[in-house]
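Chain residues, written in single-letter form:
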Amino acid sequence: MQEKINQLVKEAKKEIESIGNLNDLNLLKSKYLGKKSEFNQFMKELKNLPNEEKPKVGQMINKAKNEINDHIQIKKETIEQEKINKQLEQETIDISLPGKSMPVGKKHILTQTIEEIEDIFIGLGYEIKEGPEQEEDKYNFEMLNLPKDHPARDMQDSLYISEDSLLRTHTSPVQVRTLLENADKKPVKIIAPGTVYRKDDDDQTHSHQFKQVEVLVVDRLASLSDLKGTLLIAAQKLFGAEREIRLRPSYFPFTEPSVEVDVSCYQCHGKGCSMCKNTGWIEVLGAGMVNKNVLKACGYDPEEFQGFAIGFGVERIAMLKHGIDDIRQLYTNDLRFNSQF
Ligand code: PHE
C-alpha cells in the first residue's frame, strides 16, 4: 500500500503542476481528497489491515493527503497572484491623462457688478446697509419729499400691496431708514444694494424688477464737490482710469440740486460712436444733494447737516460694461449667457 500511496502523491503533484486555472484545480482537489478519492478508499481498507499496521498506514495516508493539500494551496495562490499581475499589467493608470473637468458655478453678472460697486465704496470707508423689499409708502415716497398726489410719483409706476405698503420702487427708502435709526446723528456713510420693482412692461431696456445701489453721505460738511469727487472715483474704477465725468442738471424730489451723471465714452474716447449716440458721453446714473425736506422729515436740522445721495442702476452698469443689449438676458438664466461672465 505504501508503494501505491507514494505513486499517487507523485501523480497528484505532477497533475497539480500542469493546472492553469482555479476551476480545474478544484476538480483536482476533489479527485484526490474528496469522498470518492483513492485516499478515502485506502482509509476504508485500513480496517482489513493487521492491528499493529493500522496507525502507521493511517499516518502515512494523512501525511500524503496533507502534502497534496499543501501543493494545491500553493498552486492556488500562484494562480491568483498571476491573475492579479495580469490585471495590473492590463489596467495600468496613465497619470498623464487629463482629468474629467467638473463644471464650476460662478456668481451672476449682476452679483459681480454689485460686488464691484460695493468694493469701490468699502474702499472709501462706506458701510453696507439693507432695507426691506416690501416697503411702507411713507419711506418709499412721503419722507423722500414725494407726498401723496405729488406728480413725480408718476415717475415710478408702483406695485402696491395695500393702501400704504408696496414693493419698493427704488433703494432710496434705505436713506430714510438709516437717518431715522441714527438718533445720535453720527456722520452717515452707507451704500444700500438691493432689488426694486416697478409696474413696467418688460422690453429690451425695461424690467419690472431690477437692482439699484443707493449711496448716502450725511455730515456737517459733505458738499457737492465731495459728490463730484466720489462720482469721478467710482466712474474711473468702473469704466477705466482715463474716464471723465459730466454733471447735467436734473430733477429728483429727494435731492436738490439733482444731477444726471455722464461718463466719457470708453469705446470712442469721446470722439462719438454708436455706443454714445455720437455725443461722446454715456448717461450712467442719478445723484444730488439730499433735499432739505428729507433731512427735516428724518429729524435732521438742515442748517447743521447736509449730504449727497447717488442711485446706481446695476443692470445699466453691467450692460454698458459688458456690451449686453437686452436687459431680459439678465433674468432668463440661460447658462450659455450667464457663463460668459
Ligand atoms: N432713487 C432714484 C431712482 O430710482 C435714483 C436716485 C438716487 C437719484 C439717489 C438721486 C439720488 O430713480
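Fair warning: this is a prediction, and the values are worked out from it, not measured in the lab. (Residues numbered from 1 in each chain as written. Predicted model: local features only at pLDDT ≥ 70, side-chain atom pairs only at ≥ 80, totals over all residues. Heavy atoms only, no water.)

**Some remarks on the overall build of the protein chain**
Next up, step 1: When helices and strands are counted, the protein chain shows 11 helices and 10 strands.
Next up, step 2: Expected size for 341 residues packed as a compact globule is a radius of gyration near 20 Å; at 44 Å, the protein chain overshoots this value by more than 25%.
Next up, step 3: Judged by the C-alpha coordinates and their principal axes, the protein chain covers about 130 × 50 × 40 Å.
Next up, step 4: For the protein chain, the residues scored as buried account for 42% of the 341 residues in total.
Next up, step 5: Within the protein chain, contacts between residues at least 6 apart in sequence are counted, and of these 66% link residues at least 24 apart.
Next up, step 6: Counting only carbon and sulfur atoms, one obtains 50% of the accessible surface of the protein chain, whose full area is about 20,200 Å².
Next up, step 7: A gap of 10 Å separates the mean positions of the 47 positive and 55 negative side-chain charges of the protein chain. (Helix = DSSP H or I, 4+ residues; strand = E, 2+ residues; numbered from the N terminus. Rg over C-alpha atoms; globule rule 2.2 N^0.38 Å. Buried < 20%, exposed > 50% of the residue type's maximum accessible area, 1.4 Å probe, protein only. Contact = heavy atoms within 4.5 Å. Areas by Shrake-Rupley, 256 points an atom, 1.4 Å probe, with all protein chains shown as cover. Lys, Arg positive; Asp, Glu negative; His and termini not counted. Charge placed at Lys NZ, Arg CZ, Asp CG, Glu CD.)

**Section: the nonpolar core**
Soluble globular proteins tend to pack their nonpolar side chains together in the buried interior.
Next up, step 1: The biggest cluster of nonpolar side chains holds 45 residues, and the ones touching the most others in it are F121, V284, I310 and F312.
Next up, step 2: Once you skip the residues sitting within four places of it in the chain, V284 turns out to touch F239, V261, D262, V263, R316, I317 and L320.
Next up, step 3: Grouped together as the second largest cluster of nonpolar side chains are 24 residues, M143, L144, L166 and V174 included. (Core = buried A, V, L, I, M, F, W, Y, C linked by side-chain atoms within 4.5 Å.)

**Thoughts on the environment of A297**
Next up, step 1: Checked against the element boundaries, A297 lands in helix α9 (residues 292–297).
Next up, step 2: Exposure remark for A297: the relative accessible area of 37% places this residue in the partly exposed category.
Next up, step 3: A sequence separation of 154 residues divides A297 from M143, and the C-alpha atoms of the two residues are 5.8 Å apart.
Next up, step 4: Residue contacts for A297: discarding those within four places in its chain leaves M143 and L180.

**Thoughts on the domain arrangement of the protein chain**
Next up, step 1: For the protein chain, the assigned domains read domain 1 (2–90) and domain 2 (109–338).
Next up, step 2: Just the C-alpha atoms count here: the centres of domain 1 and domain 2 sit 93 Å apart. (Domains from an automatic or database assignment.)

**So, the sheet that holds strand β6 (residues 209–219)**
Next up, step 1: If you trace the 7 strands from one edge of the open sheet to the other, you get β1-β5-β6-β10-β9-β8-β7, paired in mixed fashion. One side of each edge strand has no neighbouring strand; the edge strands of this open sheet are β1 (127–128) and β7 (245–252).
Next up, step 2: Here strand β9 (residues 281–290) runs beside strand β10 (residues 306–313); their pairing, made up of 5 bridges, is antiparallel. Across the sheet, the residue bridging to G286 is G311, located in β10.
Next up, step 3: Against the sheet, helix α7 (residues 173–181) makes contact with β5 (188–197), β6 and β10, and its axis sits at roughly 140° relative to β5, the strand it touches most. (Pairing = 2+ DSSP bridges. Axes fitted to C-alpha atoms, helices over the stretch in contact; angles between N-to-C directions.)

**Some points on empty space enclosed by the protein**
Next up, step 1: All told, the structure shown has 1 cavity of 30 Å³ or more when counted by the stated rule.
Next up, step 2: In this structure, the largest cavity spans a volume of roughly 60 Å³.
Next up, step 3: Lining the largest cavity we find L231, A234, A235, L238, F239, I245, V261, V263, V284, L285, F312 and I317.
Next up, step 4: When contributions to the lining of the largest cavity are tallied by element, the ones reaching two or more residues are α8 (224–239), β8 (255–264) and β9.
Next up, step 5: It is α8 that provides the largest number of residues to the lining of the largest cavity, a total of 5 residues. (1 Å grid on protein atoms, 1.4 Å probe; cavity = no way out; pocket = protein on both sides within 12 Å on 5 of 7 lines; lining within 4 Å. Points joined across faces, edges and corners; volume = space filled by probe spheres on them.)

**Here we look at the environment of S274**
Next up, step 1: Residue position: S274 is located in the loop between β8 and β9.
Next up, step 2: Overall, the relative accessible area of 68% leaves S274 in the exposed class.
Next up, step 3: In the structure, S274 is positioned 233 residues away from Q41 in sequence and 106 Å away in space, judged by C-alpha atoms.

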